[in-house]
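Take a look at the letters that make up each chain.
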Amino acid sequence: MVTFVSRRLASGVVMLVAISFLTYTLLFFSGTNIARNILGDLATEEQIALKEAELGLDQPLFARFFGWAGSAITGDLGRSWFGSETVAQALTNRLPVTLTLMIVSIVLVAIVATLLGMAAAVKRGWIDRTVQVAAVIGDAIPGFVLAIILVSIFAIQLGWFPAISSIGPGVGADAWIASMTLPVIAIVINYVTSSAQQIRSAVLKQLERDYVRTLRSRGIGEREILFKHVLRSAAPAGLTVLSLQFVGLLGGVVILEQIFALPGMGALAVNATTIGDIPIVMGVVLYTVVIVIIVNLVVDIVNGWLNPKVRVS
Amino acid sequence: MKFGHYTKAAALVVGASLVLAGCAASAPAENTGNTEAPRGGTLTIGAVQDVASWDPGQAHVGHLLQPYQAPYDTLILREPDGKLSPMLATEWEYNEDSTALTVDLRTDVTFSDGAEFNAEAVKANLEHFKGANGRQAAQLSSLESVEVVDADTVTINLAEPDPSFTYFLSQAAGFMGSPESLGTEEIKQTPVGSGPYVIDPAGTTPGSQYTFTAREDYWNPDLQKFDKIVFKVLTDATARLNALISGQVDITLLDQRNVAQAEGAGKELSANQADWTGLFLLDRDGKLNPALGDVRVRQAINFAIDRETMLEEIQLGRGTATTQVFGPKSGAYVDELDEEYPYDPKKAKALLKEAGYESGLEITLPVFTGIEAQSAMLVQQFADVGITLKLETIPPANLQSELVSGKYAMVYFFQMQADPWVNIKGIIGEAAFYNAFKTTTPELEELIEAVRFGGEDSAELAQEVNKYVVENAWFAPIYRLDQLVLIDPTKITSTPTSQQAVPSIYNIAPAK
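If you're wondering where the values come from, they're calculated on a predicted model, not measured in any experiment.

Visitor: Could you clarify how one ought to interpret the sheet that holds strand β19 (residues 485-487) of chain B in this entry?
Guide: Paired through backbone hydrogen bonds, the strands of a sheet run either parallel or antiparallel to each other. All names here are of chain B. Strands sit in the order β8-β9-β10-β1-β11-β19-β12 across an open sheet of 7 strands; the sheet is mixed. Single-partner strands in this sheet number two, and they are β8 (197-199) and β12 (268-269). In terms of strand pairing, strand β1 (residues 42-47) meets strand β10 (residues 228-233) through 6 bridges, oriented parallel. What sits directly across from Gly46, in β10, is Lys232. Seen against the sheet, helix α5 (residues 237-245) touches β1, β11 (251-253) and β19 and runs at an angle of roughly 155° to β11.

Written out as structure tokens, the structure reads:
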């Protein structure tokens, strides 16, 4: 297990370096007029040159990248070109909002999808058909359309929840819960059906296996067979879907955070990209890659624990 | 790819909003009891942009004037009609050749850290602003030195006359911070000024929300209309609409497609005009596209555009068709110039024929996200007179620089109708950023020099520049856009400030 984890970590580091360099290169070639963007139309050429020197934009690509990477290794991600915060501050302030939104949503998706998927596989009939149809619809409706519908009904018409987030410094748990409810519901509706569908097929496949028949013939209760044996074997498929969805959510929350004005990473990333705030964009990329690596690692470990064969391969 | 995605997203948002418009138009909120109090309470502003840094050296204009006005006073106050009035400066006067501005200052003002406001503080601020090379550094390009005459007088020396200098002192360059704090790390997050409000760190998250409370013993309580001002940063238009309708913000800027829904929910439009949009016929010497070097072709383009229809279709009528690039309240505006190029395709064809383009003509127009409707209508209208518009998509990353890169003879863009001299320096003068081919004529140079040295009369002298560029068809303006500021009339009143995207905070007050 130790070799397995360290091998995974090593490849994670390689991925981190590769993605950082690629992103930096892409930004380097797209953001050539950043000083003009900061200083505006009326700025003189001297002012532009001064700003470029100040931001290090007059340096060649490699010098800039290694300068950035050198500081990043020591934990210094620099300072926003447009904002008042350091990159680390900006991300640390916003990460809790995004992670709360994602983790709460994905846990709910996991629970609801497992129950729905198993019910559909075991009971078949109308439940099965409903889950299958809902999977198609759930996939087709974008999360933000759901979000807008939810806001119109539950925030504006009924006034049960705030239309935009009231999360801020020092607010209590109630503000968090009130602000998170609608976006979480939007994500769960959007994601639950397709993972329920995956779990349904995985469970169906297991139910056809010989060991299930053997267990049944030994008189072991249906409930025990389902939750102890079938679910354990079907879980890897479900986990893989969930981990993919979690990674997909990193992009998916962007628009939701904008609509609900949640002070999270997604909104930060969009703004930074629009204005060309490279230090912030790089910070967001770095954090995102680390999150993806951690999620994949955790999924692999859980899969290995569920199914020893995975560890060997 | 990302852009296509957003366009689709935007289209869906608009569609869904329209569908939902009916059910969202619920009864307006009850009057919350501000009936007898003309002062006090909380003002919550839905801000379009985030404040980059609270350092006054990094101060910005446009949508970002409001947040800086809370902690910082400016030297000069700009009234809603654009008139400049005393604020921290009580009087100001130019010398004969308009190269030195002597400013008298108030003597009863302190900064929130206790420091005294005086001539030294003004010198420190102006020098800091110039040295900081911030987002509006260009405002002090002409500043040469600042001399302290006595405790409450400074003389500002300019390298050359700058008719917009006093206007800038009512804006970004005029914000005064406490000298000790200038350039420190702390001021980036905690503004220290002499202004009507002080920041409340407990209610502030950078990038999301900034809370200010009224400062006690402020020298001019008349400007302090509220006990508290909260800026919520809402970059998304749907979020701003939702926040306004649900009462979470009292004033915000919407786009034309959301206005009806907000009005249906009892909100009120408080519109003024700040921007114009239309074509910049950049290649006036015909270096890239010889046809555009002919004034008759440029005039034909102007006659070919059906401005009223475009305004109605694209802007839902929220704006005013125009053929000049100066705004009605700028002093350089000439009423009759709007009659110069009425929609007249026949005349356009005749002019093209005269110029030798009877058999047709092709012009490339760069297009970007947000002007799809405009470019489609222009293609049609141009085709009607025999001009083929070839559309070429350009990436958004460096949009402005791309437009003036010299690759395009004609571009479509949006531009602020600012102070006349700012306009001249920005889009008309030989060195102007938007004068991509650096075209000029001795006649125009002379008119511009007259404005530069015009002193008090410079705005009026700019009318001549206006006439010149309209007659020579340097541009093909289409319409001025209404700034769609919406307010909750049960809670506040608001007076638009001319040529400003959003009203100054002094012009927003609790509802009677």
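Visitor: Would you mind going over helix α6 (residues 125-140) of chain A with me for this structure?
Guide: Two residues of an α-helix separated by three or four positions point the same way, owing to the 3.6 residues in each turn. End to end, α6 of chain A covers 23 Å across 16 residues, agreeing with the expected 22 Å (1.5 Å per residue, within 8%). Along its buried surface, α6 of chain A packs onto α5 (87-123) and α8 (173-207) of chain A.

Visitor: Any chance you could explain the packing of helix α7 (residues 143-157) of chain A against helix α10 (residues 222-259) of chain A here in plain terms?
Guide: The axes of two packed helices give the description: the angle between them and the distance between them. Residue and element names in this part refer to chain A. In contact at an axis separation of 9 Å, α7 and α10 are set at 25° when each is read in the N-to-C sense. Comparing their axes, α10 and α7 come out roughly parallel. α7 and α10 meet at a crossing whose hand is right-handed. Along its contact with α7, which presents Gly143, Phe144, Ala147 and Ile148, the element α10 presents Ile255, Leu256 and Ile259.

Visitor: Help me understand the pattern of salt bridges in this model?
Guide: Pairs may arise between side chains of opposite charge once their charged atoms sit close together. Here the structure, examined in full by the defined rule, presents 20 salt bridges over all chains. Of the charged contacts in the structure, one is a salt bridge between Asp108 of chain B and Arg106 of chain B, with a shortest N-O distance of 3.0 Å. Connected through salt bridges with shared partners, the residues Arg79 of chain A together with Glu185 and Lys188 of chain B form a single ionic network.

Visitor: Explain the side chain of Asp162 of chain B to me, please; I cannot follow it from the model alone.
Guide: All names here are of chain B. Structurally, Asp162 is set in the loop between β7 (153-158) and α4 (165-168). Here Asp162 occupies a buried position and makes no salt bridge, while the nearest side chain of opposite charge, Lys425, is found at 4.2 Å. In terms of polar contacts, Asp162 uses its side chain to reach the side chain of Trp421, at 3.3 Å. Discounting chain neighbours no more than four positions away, the residues touching Asp162 are Tyr94, Gln139, Ser142, Phe168, Trp421 and Lys425.

Visitor: Can you help me understand the packing of aromatic side chains in this one?
Guide: Each aromatic ring pair is summarised here by two numbers: the centre-to-centre distance and the angle between the ring planes. Under the criterion given, the structure shown has 28 aromatic pairs over all chains. Ring geometry for Phe21 of chain A versus Phe65 of chain A: centroids 4.9 Å apart, planes at 80°, classification edge-to-face. Here Phe65 of chain A lies in helix α4 (residues 61-73) and Phe21 of chain A lies in helix α1 (residues 2-30), a separation of 44 residues in the sequence. Ring geometry for Phe433 of chain B and Tyr434 of chain B: centres 5.1 Å apart, planes at 80°, overall edge-to-face.

Visitor: Teacher, can you tell me more about empty space enclosed by the protein here?
Guide: It is the rolling of a water-molecule-sized probe over the atoms that shows where space remains empty. All names here are of chain B. Summed over all chains, the structure comprises 4 cavities of 30 Å³ or more. The volume enclosed by the largest cavity comes to roughly 100 Å³. As for the largest cavity, its lining consists of 14 residues, and the residues nearest its centre are Ile45, Gly46, Ala47, Gln66 and Val502. Here the lining of the largest cavity is built from residues that sort into 9 nonpolar, 5 polar and no charged.

Quick notes on the rules
Residues numbered from 1 in each chain as written. Chains lettered and ligands numbered in written order. Predicted model: local features only at pLDDT ≥ 70, side-chain atom pairs only at ≥ 80, totals over all residues. Heavy atoms only, no water. Pairing = 2+ DSSP bridges. Helix = DSSP H or I, 4+ residues; strand = E, 2+ residues; numbered from the N terminus. Contact = heavy atoms within 4.5 Å. Axes fitted to C-alpha atoms, helices over the stretch in contact; angles between N-to-C directions. Expected span 1.5 Å × (residues − 1). Parallel < 35°, antiparallel > 145°, perpendicular 65-115°, else oblique. Left-handed = near helix turned anticlockwise from the far one by under 90°. Salt bridge = Lys/Arg side-chain N within 4 Å of Asp/Glu carboxyl O. Buried < 20%, exposed > 50% of the residue type's maximum accessible area, 1.4 Å probe, protein only. Lys, Arg positive; Asp, Glu negative; His and termini not counted. Polar contact = N/O pair within 3.5 Å; in protein donor to acceptor, adjacent residues only side chain to side chain. Phe/Tyr/Trp six-rings, centres within 6.5 Å; stacked < 30°, edge-to-face > 60°. 1 Å grid on protein atoms, 1.4 Å probe; cavity = no way out; pocket = protein on both sides within 12 Å on 5 of 7 lines; lining within 4 Å. Points joined across faces, edges and corners; volume = space filled by probe spheres on them. Nonpolar A, V, L, I, M, F, W, Y, C, P; charged D, E, K, R; others polar.

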